[in-house]
Amino acid sequence: MQLFRLGFICICYLCLTGSAFGQLTARNPVDELKDQVTQALIDAEVPFSPDQERDFALLIEEERQAAENLFGETWDFSQGPPQGEESDQALAGIRWMYDALKDEFPAYMTDAQRSAWESYQSDHDTTFYVEEASPDDSAQSGRIQQIRVTNNAFNVETATANGNRGLHERGAKTEVIERGGVGAFHGNFASTFQDEKFNARNPFASNKPPYYERTIAGNISGPIIQDRLTLSFTVSDNKQENVGTVQAETPTGPFSLGITRPTLNRSYDLKNVLQLADTHTMNIGLRYATRDSNNENVGDFALPERASRTRTQDYEVDLREIWTLSERTVHDLRFKWRKDRSETNPASNATTIIVKDAFTGGGAQNKRRVDGNEYELSNLVYFAGDNLTMRVGFQMLHRRERLFSEENFFGEFTFSDLDSFRAGTPLQYRVTCCDPLFKLNHTQASLFSQNDFRLSNTFTLMLGVRYQIQSNIRDRNNVDPRIGFAYALGNETVIRGGFGFFTQRVGFNTIANNRLDGNRVYEIQIDNPGWPDPFASGSIRPRARRQVDPEIKMPYYPVGQISVERSLPNNLFVTLGYEFVRAIRPTRTRDINAPLPETGIRPNPLEGQVLQYQSSGLSTYHHLRASMRQRFSIFVVTASYWYMHGQSDQEDRRGRGGVWVPVDSYDLRKEWGNTEDPRHTFNASVNARLPLDVYLTTVIEAQSGRFYTIRTGKDDNGDGVSNDRPPGVVKNSEVGPNYFDVGFNFSKAFELNTAAGSTGPQLNVFANLSNAFNVQHPGLPSGVVTSPFFMRSFNATSPRTIEVGMRFQF
């Protein structure tokens with residue numbers, strides 16, 4: 001710990017006393033251009049009037065946000081100094097936007113001001129330059145074909161609502177479209193390494209397991225045929241052993257073990273940008289990726305005997321044609337084909353033994369193979385006028401899937417506590433039968449249209465509508481109107497807001513639950529079964545099955561948002577926003593044949609549990625978010641605080657096998673309560689370029705505790721599910737431990753070409769410190785009353801880890 005403190009003090013001293021080597025501009029170029037124009041007019045004694053300042057405030061803020069998305073890449077030091085293809089693309093995009101903005105300024109000026117600005121430009125160089133740009137600046141000037149800016153969170157091109165994450169993570173974007181055969185040639189080759197010698201021991205493990213991780217990655221890109229073809233090839237080979245713990249209470253006593261889950265990921269990406277004509281581009285992408293994951297399902301209460309292995313293969317072809325029909329109109333056509341294969345094999349198919357929140361033993365019984373083919377087609381016509389921006393298009397997706405699953409084909413016993421396990425008195429026995437094969441086709445489509453009107457220089461109104469439809473359900477009435485606005489309240493202050501509906505599709509996996517239909521596949525349950533032979537005694541329930549409600553509908557999310565953005569002196573930008581999200585008709589499960597509360601007898605005694613997936617859920621989320629970003633000298637500082645209050649009547653997500661079952665299927669209001677999400681979240685990062693080409697990235701994360709639920713560990717109401725709560729206890733009534741973490745990335749750059757003014761090859765050596773101060777991060781406690789870990793944490797996230805590596809780039 002003293003070593004970390006000493007290092008941190010030394011870094012602070014260097015920051016405060018040294019000067020940055022090779023200064024990278026710390027200001028957003030949009031701000032620099034605005035200051036140039038403002039000062040030029042002041043010097044000419046024809047300054048902007050207050051009304052003019054207000055008139056172009058909205059234009060400045062729109063361009064500032066778009067440029068910031070790109071400019072941020074040039075100040076991301078998490079992997080060393082910014083250099084290479086991504087940095088060049090960002091700088092070229094900024095230059096393109098800078099020049100476009102410079103061309104727009106005269107429309108806001110008087111004749112005298114235009115004359116003064118033209119005179120200033122003739123006497124001064126107003127071109128945007130950054131020292132770290134490619135030395136062949138002419139090679140960058142024509143690489144950008146178009147930049148599409150969308151600062152509208154209610155953009156109709158997206159259907160995602162993400163009720164617990166907020167609109168700030170969707171809708172708004174800056175997309176750079178490049179020409180083929182233009183730009184510089186770049187290469188990037190990196191290797192990282194870590195093992196248990198550098199890492200701390202997990203506090204919940206009695207041992208420190210052997211650990212090894214390494215990554216080898218490389219990329220080479222550049223123009224193959226000048227002005228015609230750009231090629232980029234990327235390869236990545238990552239071997240890691242994610243660390244976890246088993247913390248269980250077995251009949252022979254406590255069991256504590258640190259474990260690793262070896263995973264090997266490999267991917268190969270080939271991307272081409274082919275310039276068919278000056279206004280016609282074809283983007284071709286090919287991808288192949290594999291994943292091999294071992295020792296899955298082990299951890300927390302699950303003993304090592306529960307291990308399984310999953311291997312996946314993914315193929316993708318991505319074709320995108322971009323045709324500039326006119327100076328203002330672009331046609332964008334895209335087709336994707338994906339083929340995926342996933343195969344899971346358990347180490348053992350032994351009968352599963354579950355002792356509620358004490359231990360889980362036996363085989364994983366999760367033999368499964370999925371073969372899928374997915375086809376995606378989208379079309380967009382984009383028009384950008386002086387006072388109107390229009391988007392019209394459609395999106396279609398079709399998936400064919402073949403599923404072979406033998407999950408729980410060998411049975412599982414559930415015990416309420418260790419005493420009942422020692423006594424050999426199980427609570428339940430379940431086993432699934434019979435046909436493991438299932439096939440499903442699924443199609444979804446959407447149409448959308450959006451018009452953004454600039455009603456004045458200070459007010460933009462965005463109107464859009466999206467229609468969605470999908471196969472396998474009858475619901476056809478899914479029209480999403482959306483409205484957004486941006487208003488310049490004053491100089492450098494903008495208010496944004498809007499309201500809209502976001503319809504979500506019924507998930508593929510939900511539809512696939514029809515496989516357990518009671519005939520081809522069904523479940524047998526025995527209450528108070530014999531042990532070890534479950535059929536020796538007990539009450540055998542009729543077959544259990546699942547079904548999708550024939551009248552199931554697509555859920556939709558009414559969303560409202562308002563935010564204020566303010567640019568302050570000294571490169572400080574602050575945002576304060578509020579958002580309300582309501583989920584209506586989200587999919588949930590209910591046992592439509594649950595025992596009646598009055599009699600304890602199922603309405604249809606000839607059937608067992610009938611889990612129906614239906615559109616009857618409800619949830620609300622309130623988000624309050626404040627953020628700031630500031631660049632000064634050699635630092636970029638960002639920070640955000642997020643308050644989230646969410647409530648829903650959907651079941652606990654930690655249900656058995658991903659199936660959420662309510663405590664009372666006849667009174668779903670009993671499920672109304674807090675969501676699991678933390679109320680308070682804080683994130684901050686500092687990127688600094690220090691003397692001697694040392695780069696430092698610091699990341700700070702903090703969260704309040706997540707919510708969890710108290711449960712009896714028994715089936716008190718006889719519905720076949722042991723998820724009941726004590727009388728008077730509501731869902732997610734308890735709060736888990738808080739979370740705090742600090743991480744560092746240190747990088748030292750060595751210039752391999754020392755010629756004056758050059759930006760040649762570089763070698764970077766770096767170290768990543770996660771959880772640098774080794775703060776203990778306990779997980780959620782057990783909420784099961786019968787568990788030996790009741791209201792105590794039984795796991796923790798990773799302790800301090802140190803990763804070292806090097807990267808060569810040119």
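Preceding block: the structure.
Quick caveat: nothing in here was measured; it's all calculated off a predicted structure. (Residues numbered from 1 in each chain as written. Predicted model: local features only at pLDDT ≥ 70, side-chain atom pairs only at ≥ 80, totals over all residues. Heavy atoms only, no water.)

Draft legend 1. Representation of the sheet that holds strand S10 (residues 352–355) in the model. Spatially, six strands are ordered S11-S10-S14-S15-S20-S21 in an open sheet, and the strand pairing comes out mixed. The sheet terminates laterally at strand S11 (359–361) and strand S21 (539–540), the two strands that pair on one side only. One ladder, built from three bridges, connects S10 with S11; its direction is antiparallel. The residue of S11 that forms the bridge with Ile354 is Thr360. (Pairing = 2+ DSSP bridges. Helix = DSSP H or I, 4+ residues; strand = E, 2+ residues; numbered from the N terminus.)

Draft legend 2. Spatial organisation of the packing of helix H2 (residues 29–43) against helix H6 (residues 111–123). Relative orientation of the contacting elements H2 and H6 amounts to 110 degrees, with a least axis distance of 9 Å. When the axes of H2 and H6 are compared, the pair comes out roughly perpendicular. Classified by chirality, the crossing of H6 by H2 is right-handed. On H6, the residues touching Leu33, Gln36, Val37, Ala40 and Leu41 of H2 are Gln113, Ala116, Trp117 and Tyr120. Class assignment for the residues of the contact of H2 with H6 results in seven nonpolar, two polar and no charged. (Axes fitted to C-alpha atoms, helices over the stretch in contact; angles between N-to-C directions. Parallel < 35°, antiparallel > 145°, perpendicular 65-115°, else oblique. Left-handed = near helix turned anticlockwise from the far one by under 90°. Contact = heavy atoms within 4.5 Å. Nonpolar A, V, L, I, M, F, W, Y, C, P; charged D, E, K, R; others polar.)

Draft legend 3. Spotlight on the pairing of strand S19 (residues 493–503). Counting buried positions along S19 gives nine out of eleven residues, so the element sits mostly inside the fold. Two elements, strand S18 (residues 479–490) and S19, share eight bridges in a ladder whose sense is antiparallel. Its bridge partner lying in S19, Gly484 is registered against Gly498. Where S18 hands over to S19, the hairpin turn is made up of two residues, of which Glu492 adopts a positive phi near 65 degrees. Summarising the sheet, S19 and strand S23 (residues 556–568) pair through eleven bridges and their orientation is antiparallel. Of the residues in S23, the one forming a bridge with Phe499 is Gly560. (Buried < 20%, exposed > 50% of the residue type's maximum accessible area, 1.4 Å probe, protein only.)

Draft legend 4. Expanded view of the packing of aromatic side chains. Here the structure, examined in full by the defined rule, presents 22 aromatic pairs. Ring centres of Phe301 and Phe794 lie 4.2 Å apart, and the angle between their planes is 35 degrees; on these two criteria the pair is classed as tilted. Highlighted residues: Phe301 in the loop between strand S7 (280–296) and strand S8 (308–324) and Phe794 in the loop between strand S35 (762–770) and strand S36 (801–809), separated in sequence by 493 residues. Of the two residues examined, Phe301 and Phe794, each falls in the buried class. An aromatic cluster is present here, built from Phe359, Phe413, Phe415, Phe421, Tyr429, Trp531 and Phe535 joined pairwise through their rings. Above the face of the Phe750 ring, Lys748 is positioned so that its terminal group lies 5.2 Å from the ring centre. (Phe/Tyr/Trp six-rings, centres within 6.5 Å; stacked < 30°, edge-to-face > 60°. Lys NZ or Arg CZ within 6 Å of the ring centre and 35° of its normal.)

Draft legend 5. Representation of the pattern of salt bridges in the model. On inspection of all chains with the given rule, the structure shows 35 salt bridges. Taking the shortest distance from any N to any O, the salt bridge between Glu401 and Arg399 comes out at 2.8 Å. With a closest N to O distance of 2.5 Å, Glu607 and Arg545 form a salt bridge. Of this pair, Glu607 sits in the loop between strand S25 (587–591) and strand S26 (610–615) while Arg545 sits in strand S22 (residues 545–548), and the two are 62 residues apart along the sequence. Here Glu607 falls in the partly exposed class, since its relative accessible area comes to 21%. Relative accessible area serves as the criterion here: at 19%, Arg545 is assigned to the buried category. (Salt bridge = Lys/Arg side-chain N within 4 Å of Asp/Glu carboxyl O.)

Draft legend 6. Molecular detail of the state of the cysteines. For the coordinates displayed, the defined rule picks out one disulfide. Bridging Cys433 to Cys434, the disulfide has an S-S length of 1.7 Å. Taking the sign of the torsion about the S-S bond as the criterion, the disulfide between Cys433 and Cys434, at about 80 degrees, is right-handed. A residue is classified by how much of its surface remains accessible, and Cys433, at 24% relative accessible area, is partly exposed. (Disulfide = S-S within 2.5 Å.)

Draft legend 7. Representation of a nonpolar patch on the surface. A cluster of nonpolar side chains, Phe185, Phe189, Ile220, Ile224, Ile225, Phe233 and Tyr268, forms an exposed patch at the surface whose accessible area comes to about 610 Å². Looking at the nonpolar patch, the element that brings in the most residues is strand S4 (residues 212–225), giving three residues. Within the secondary structure, Phe233 is located in strand S5 (residues 229–250). (Patch = residues over 30% accessible without salt bridge, like charges linked within 9 Å, V, L, I, M, F, W, Y side chains within 5 Å. Areas by Shrake-Rupley, 256 points an atom, 1.4 Å probe, with all protein chains shown as cover.)

Draft legend 8. Layout of the pairing of strand S24 (residues 572–584). Pairing of S23 with S24 involves eleven bridges; the strand directions are antiparallel. Considered in S24, the bridge of Val559 is made with Val581. The loop that links S23 with its antiparallel partner S24 comprises three residues; one of these, Asn570, has a positive phi angle of about 65 degrees.

Draft legend 9. Layout of H6. The end-to-end C-alpha distance of H6, which contains 13 residues, comes to 19 Å, matching closely the 18 Å that a straight helix rising 1.5 Å per residue would cover. For H6, the set of buried residues is Gln113, Ala116, Trp117 and Tyr120. Buried residues along H6 cover an arc of 95 degrees about the axis, so they all sit on one side. In H6, those exposed residues whose orientation departs by more than 90 degrees from the buried face are Asp111, Glu118 and Ser122. (Expected span 1.5 Å × (residues − 1). Arc of directions from axis to C-beta.)

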